[in-house]
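Listed below, chain by chain, are the residues.
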Amino acid sequence: MNEKFETHEHDVLIIGAGGAGLRAAIEALGQGATVAVVCKSLLGKAHTVMAEGGIAAAMANVDEADDWRTHFRDTMRGGKFLNNWRMAQIHAQEAPERVRELEQWGALFDRTSSGDILQRAFGGHTFKRLCHVGDRTGLEMIRTLQDRGVNLGIDVYMECAITRLLKDGERVSGAFGYWRETGRFVVFKAKSIVIATGGIGKAWRITSNSWEYTGDGMALAYEAGAELMDMEFVQFHPTGMVWPPGVQGILVTEAVRGEGGVLRNSEGERFMERYDPEKMDLSTRDVVARAIYTEVREGRGTEHGGAYLDISHKPAEYVKRKLPSMYHQFRELADVDITQGPMEVGPTCHYMMGGIRVEAETAQATVSGLFAVGEAAAGLHGANRLGGNSLSDLLVFGRRAGLGAAEHAKQSGPVTIDGEEVLEATREMLEPFERPAGESPYNIHRDLQEAMQNYVGIFRNEDDLTKGLSELDSLKARADRVRVEGSRLFNPGWHLARDLKAMLTVSEAVARSALARKESRGAHSRIDYPSYDEDWSRQNNVILREGDEMKLKQLHITETPDELRQILAEEKS
Amino acid sequence: MPDATFKIFRGDRGGGKLVEYNVPIATGMVVLDALHYIQAHQAPDLAVRWNCKAGKCGSCSAEVNGRPRLTCKTRMDALPLNEPITVQPMKSFPVIRDLVTDVSWNYRVNRMIPPFTPRADVEWKMDQRDVDRVQEFRKCIECFLCQNVCHVLRDHDKGEQFGGPRFFVRIAGLEMHPLDGLSRTDLLKDALGIGLCNITKCCTEVCPEDIQITDNAIIPLKERVVDDYYDPVRWFLRKLKGKKRK
Ligand SMILES: Cc1cc2nc3c(=O)[nH]c(=O)nc-3n(C[C@H](O)[C@H](O)[C@H](O)COP(=O)(O)OP(=O)(O)OC[C@H]3O[C@@H](n4cnc5c(N)ncnc54)[C@H](O)[C@@H]3O)c2cc1C
Ligand code: SF4
Ligand code: SF4
Ligand code: FES
């Protein structure tokens, strides 16, 4: 190996310090492995910190009739049965234990009158199921995990971005990246790697996601030969802020509706009656997002092109106690007092159901030694995720990925780093500085967001998707000629140039999968194929790399075992 | 709408200067939007930290016209626009580049704090009223603005002897957790030097989460230290048991 690179060696390398990565780290450490966690931002700033509404787990503290079976059924129904049933089963069964564990590590949830963890209603959940802390549940979760992890002794490498996975033959052997602060390169050597890098929302113009959500982990895994799955399923959350322009897309938690908030159009009508008379405002996100979009398109939108969301009929003190951050967010950023009047809301790109294809029990991807978990992984949510099922996903499969990665590290012999691969990785990173002329990465990013918003949005059709794909082609060509100014010291333009590559790869996977699925299901709505298709109900789209080509194939969903099938057939109690 | 003029610190550990930029104003715009505009159109290498853009992650701290603020929650229409708006990095931490500072010291202090340690045989039931008190401290988004303004750190540079308001808040959250069984008064008194705080309340004034840092965290903790160290009966009991009172 090339001597001049700073190199760190651990049994398990975890890329990502959100809930998924931290939970995996705690578990791997518990198994006796040495563990490193790498993240692009400071510790504690990952997306998980922004989660608002709650963690879904069938604890039955509020509704006694709840149990894992109902949670399993709700998750499968919400995902339009495209979910990996085994993951949905494990998730529903293990979530309550994972939440209790979080409490034993110091998390302080809101309480019921008998002193247990309080649970609230959310879209698609039959019972009151979301364990929460006001509307800042994610903050509670990430602090608890981060304090525990640090105290147990995980090594955290903050503000360090991974740009390439390294391989030793067919298995992974480490990762290459750079320090944001200095721009210097670094190599991590590890027998197991867990990808916990989150989603891809920054490829769209209107999004609730931060600069970190550029699909890095999915692109890294794809480059390393792993398969991606269900990439057409991108969740547009129905309620993002629409005004003023600077905050467009910022999330308005579903907890507003969970606590009794109602949606109305400009005519004052509770339009959800027409789209889902039974579940109304708490219908699943795909349905509510399309409903708002349709209302606006048909001329019944608000002044700034959204719908009204109103919780001002509840006592002001109650609203401030249950939704404090929403109260402040609207008062300070939009001059709206939500205890007095309605908010304006509209769909915003929020969550990626698809991702790296993994094995249900261990979270192992299709490359030896590579694991994936959290929003970066696929399978649990199928065609549409229920609110609250992400935070529980992070805990349940974070733990399993940590176990799987530690186990794999124990059983495998030493790995070696290929010096040539490392040199290639440095060349790739330095190129944008060396070009005498070229475009700014910010321009290309803006055009990518526009293309994805217009052609790969909530409603899709063949024409748009084809146009989108050809846009992506020309954007890729432009990105190959991107030029970066300034030095390597904390240079966001340089970082964006690299993130762009990941976004383009993952966006292409999304557009191709969306073009292939000729039906509408969950978050994927094709105007030209508006209904379900029997054949497609048994297939997942899978993306993989062959040479330099992106290939798409279909994978048959395995038969659901009888005992689970029975649960699915039962009507809700 | 008119343009706003910004003067932004550009530089690194070796020094730097204020550089002027003009930014068109839009309705409801915040300072972070302006910084993003400058990155996209004028200075692609302007170093800024941010994540949530909604006051939830505590990444975007800086000094706007000399006042410590979250830039994502600082509205342009609340600033005087007839003069340039200055944006500078937090003063109490070493600059890395432009508006990005080295806050790693905070993470080192945090490591010293013993974690939540439940009393033996607790039943996991808690009353919301007991939880309310602690949840106030758990709202902290680690923006480090309080650390930035505290004069013990800012003017007297006592980072080696003083933990700072953020960590008193964290410890208050642990000490007052209804089920915690550990005492951290030794740490507060010695390594974290809570005695150096003279209750100026500057930290409370800047906290974007409105945590009553001084009244609700620091003063009660100081009282615990006094009780534990200067009340002979308690002192003796603590030596005997090493536990905190309930
Ligand atoms: C505003 C908002 C509210 C939400 N509310 C809820 C809710 O109430 N309930 C719920 O269940 N879900 C909610 N979600 C969804 C949920 O928060 C996320 O899906 C979840 O937190 C993702 O966790 P994660 O661990 O997979 O990734 P993250 O928490 O996003 O962590 C990703 C990590 O990967 C790191 N990383 C990324 N790329 C690289 C790279 N190249 N090199 C090194 N590190 C890298 C990042 O720095 C970060 O540390 C919400 C999401 C948002 C945006
Ligand atoms: S009250 Fe104490 S901790 Fe807060 S700023 Fe003043 S001296 Fe510092
Ligand atoms: S206590 Fe307040 S000011 Fe201090 S770090 Fe926490 S949120 Fe920021
Ligand atoms: S960007 Fe998160 S607090 Fe400002």
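What counts and how
- Residues numbered from 1 in each chain as written.
- Chains lettered and ligands numbered in written order.
- Predicted model: local features only at pLDDT ≥ 70, side-chain atom pairs only at ≥ 80, totals over all residues.
- Heavy atoms only, no water.
- Helix = DSSP H or I, 4+ residues; strand = E, 2+ residues; numbered from the N terminus.
- Rg over C-alpha atoms; globule rule 2.2 N^0.38 Å.
- Buried < 20%, exposed > 50% of the residue type's maximum accessible area, 1.4 Å probe, protein only.
- Contact = heavy atoms within 4.5 Å.
- Areas by Shrake-Rupley, 256 points an atom, 1.4 Å probe, with all protein chains shown as cover.
- Lys, Arg positive; Asp, Glu negative; His and termini not counted.
- Charge placed at Lys NZ, Arg CZ, Asp CG, Glu CD.
- Salt bridge = Lys/Arg side-chain N within 4 Å of Asp/Glu carboxyl O.
- Axes fitted to C-alpha atoms, helices over the stretch in contact; angles between N-to-C directions.
- Parallel < 35°, antiparallel > 145°, perpendicular 65-115°, else oblique.
- Nonpolar A, V, L, I, M, F, W, Y, C, P; charged D, E, K, R; others polar.
- Buried area = accessible area lost by both parts, 1.4 Å probe.
- Pairing = 2+ DSSP bridges.
- Polar contact = N/O pair within 3.5 Å; in protein donor to acceptor, adjacent residues only side chain to side chain.
- Core = buried A, V, L, I, M, F, W, Y, C linked by side-chain atoms within 4.5 Å.
- Expected span 1.5 Å × (residues − 1).
- Bend = angle between axes of the 7 residues up to and from the residue.
- Domains from an automatic or database assignment.

1. Points about the overall build of chain A
Inference 1: What chain A contains, in helices and strands, is 16 helices and 20 strands.
Inference 2: For 573 residues, the compact-globule estimate of 2.2 N^0.38 gives 25 Å, and chain A sits close to it at 23 Å.
Inference 3: Dimensions of chain A along its principal axes, counting C-alpha atoms only, are 65 × 50 × 50 Å.
Inference 4: In chain A, buried positions account for 67% of the 573 residues.
Inference 5: In chain A, 74% of the contacts between residues at least 6 apart in sequence involve partners at least 24 apart.
Inference 6: With the model as given, the accessible surface of chain A reaches about 18900 Å², and the carbon-plus-sulfur share is 46%.
Inference 7: When the 69 positive and 86 negative side-chain charges of chain A are each reduced to one mean point, those points stand 1 Å apart.

2. Considerations on the pattern of salt bridges
Inference 1: Applying the stated criterion across every chain, the model contains 78 salt bridges over all chains.
Inference 2: Look at the salt bridges and you will find they share partners, linking A:Arg86, A:Glu94, A:Glu361, A:Arg399 and A:Arg400 into a network.

3. Some points on the packing of helix 3 (residues 85-104) of chain A against helix 11 (residues 389-411) of chain A
Residue and element names in this part refer to chain A.
Inference 1: Where helix 3 meets helix 11, the axes come as close as 8 Å, and the angle between the chain directions of the two elements is 90°. The angle between the axes of helix 3 and helix 11 places the two elements in the roughly perpendicular class. Across the interface between the two elements, Met87, Ile90, His91, Glu94, Ala95, Arg98 and Leu102 from helix 3 touch Asn389, Ser392, Asp393, Leu395, Val396, Phe397, Arg399 and Arg400 from helix 11.
Inference 2: For the contact of helix 3 with helix 11, the per-class residue count stands at seven nonpolar, three polar and five charged.

4. Comments concerning the interface of chain B and chain A
Inference 1: Each partner contributes to the interface: chain B provides 54 residues, whereas chain A provides 59 residues.
Inference 2: Interface area for chain B against chain A, summed over the two sides, is near 4700 Å², with a carbon-plus-sulfur share of 53%.
Inference 3: A per-residue breakdown of the area chain B buries against chain A is headed by B:Asn51, B:Lys56 and B:Arg138, which together make up 15% of the total.
Inference 4: Summed over the shared surface of chain B and chain A, the result is eight salt bridges.

5. What to know about the sheet that holds strand 10 (residues 228-229) of chain A
All names here are of chain A.
Inference 1: Ordered by their spatial adjacency, four strands build an open sheet running 15-10-19-20, and the pairing between neighbours is antiparallel. At either end of the open sheet lies a strand with only one pairing partner, and these are strand 15 (355-356) and strand 20 (549-556).
Inference 2: Taken together, the two bridges between strand 10 and strand 15 define a ladder with antiparallel strand orientation. Within the sheet, the bridge partner assigned to Leu228 lies in strand 15 and is Ile356.
Inference 3: Contacts from helix 15 (residues 492-516) reach strand 10, strand 19 (539-546) and strand 20 within the one sheet, and its direction differs from that of strand 20 by about 45°.

6. With respect to the side chain of B:Asn110
Inference 1: Residue position: B:Asn110 is located in helix 2 (residues 104-111).
Inference 2: At 3.3 Å, the side chain of B:Asn110 and the side chain of A:Asp147 are in polar contact.

7. Some remarks on the nonpolar core
Inference 1: Grouped together as the largest cluster of nonpolar side chains are 255 residues, with contacts concentrated most on A:Leu370 and B:Phe6.
Inference 2: Take this core: its biggest share by element is twelve residues, from helix 15 of chain A.
Inference 3: If we ignore the near neighbours within four places in the chain, the residues touching A:Leu370 are A:Leu165, A:Val172, A:Ile193, A:Ile195, A:Ala221, A:Ala226, A:Ala363, A:Gln364 and A:Ala365.
Inference 4: In this structure, A:Phe233, A:Tyr351, A:Ala383 and A:Ala523 belong to the second largest nonpolar core, which totals seven residues.

8. A look at helix 12 (residues 419-434) of chain A
Residue and element names in this part refer to chain A.
Inference 1: Across its 16 residues, helix 12 extends 22 Å between first and last C-alpha, which sits within 8% of the 22 Å expected from 1.5 Å per residue.
Inference 2: Approximately 30° is the largest bend angle found in helix 12, and it occurs at Glu428, with the proline Pro432 only one to four residues beyond.
Inference 3: When helix 12 is considered as a whole, its buried residues turn out to be Glu421, Val422, Ala425, Thr426, Glu428, Met429, Pro432 and Phe433.
Inference 4: By the N-cap criterion, in which a side-chain oxygen at the helix start approaches the backbone nitrogen of a residue two or three places on, helix 12 is capped by Asp418, the distance to Glu420 being 2.9 Å.

9. What about the domain arrangement of chain A?
Residue and element names in this part refer to chain A.
Inference 1: According to the domain assignment, chain A consists of domain 1 (239-347) and domain 2 (423-525).
Inference 2: Counting from both sides, the interface comprises seven residues of domain 1 and, opposite them, five residues of domain 2.
Inference 3: For the pairing of domain 1 and domain 2, the buried interface totals around 470 Å² over both sides, and the portion due to carbon and sulfur atoms is 73%.
Inference 4: Summed over the shared surface of domain 1 and domain 2, the number is two residue pairs in polar contact (both at pLDDT 80 or more).
Inference 5: Grouping the amino acids of the side of domain 1 that touches domain 2 by side-chain chemistry returns three nonpolar, one polar and three charged.

10. Focus: the pairing of strand 14 (residues 343-352) of chain A
Residue and element names in this part refer to chain A.
Inference 1: Within strand 14, ten of the ten residues are buried, which leaves the element mostly enclosed by the surrounding structure.
Inference 2: As paired strands, strand 13 (residues 307-310) and strand 14 are joined by three bridges and run antiparallel to one another. Following the sheet pairing, Tyr308 is matched in strand 14 by Glu344.

11. Brief notes about unusual backbone geometry
Inference 1: Following A:Trp243, the chain continues to A:Pro244 via a peptide bond in cis, the omega torsion being -5°.
Inference 2: Not every positive phi belongs to a glycine, and A:Phe81 is a case in point at roughly 65°.

12. Quick word on helix 1 (residues 31-41) of chain B
Inference 1: Most of helix 1 of chain B is tucked away: eight of the eleven residues are buried.
Inference 2: Of the residues making up helix 1 of chain B, those classed as buried are B:Val31, B:Leu32, B:Asp33, B:Ala34, B:Leu35, B:His36, B:Ile38 and B:Gln39.
Inference 3: Those residues of helix 1 of chain B that are buried lie in contact with helix 13 (441-455) and helix 15 of chain A together with strand 1 (3-12), strand 2 (15-24), strand 3 (61-64) and strand 5 (85-88) of chain B.

13. Overview of the environment of A:Met76
Inference 1: Within the secondary structure layout, A:Met76 lies in helix 2 (residues 68-78).
Inference 2: Once residues within four sequence positions are removed from consideration, A:Met76 is found in contact with A:Phe81, A:Asn83, A:Trp85, A:Ala88 and A:Leu568.

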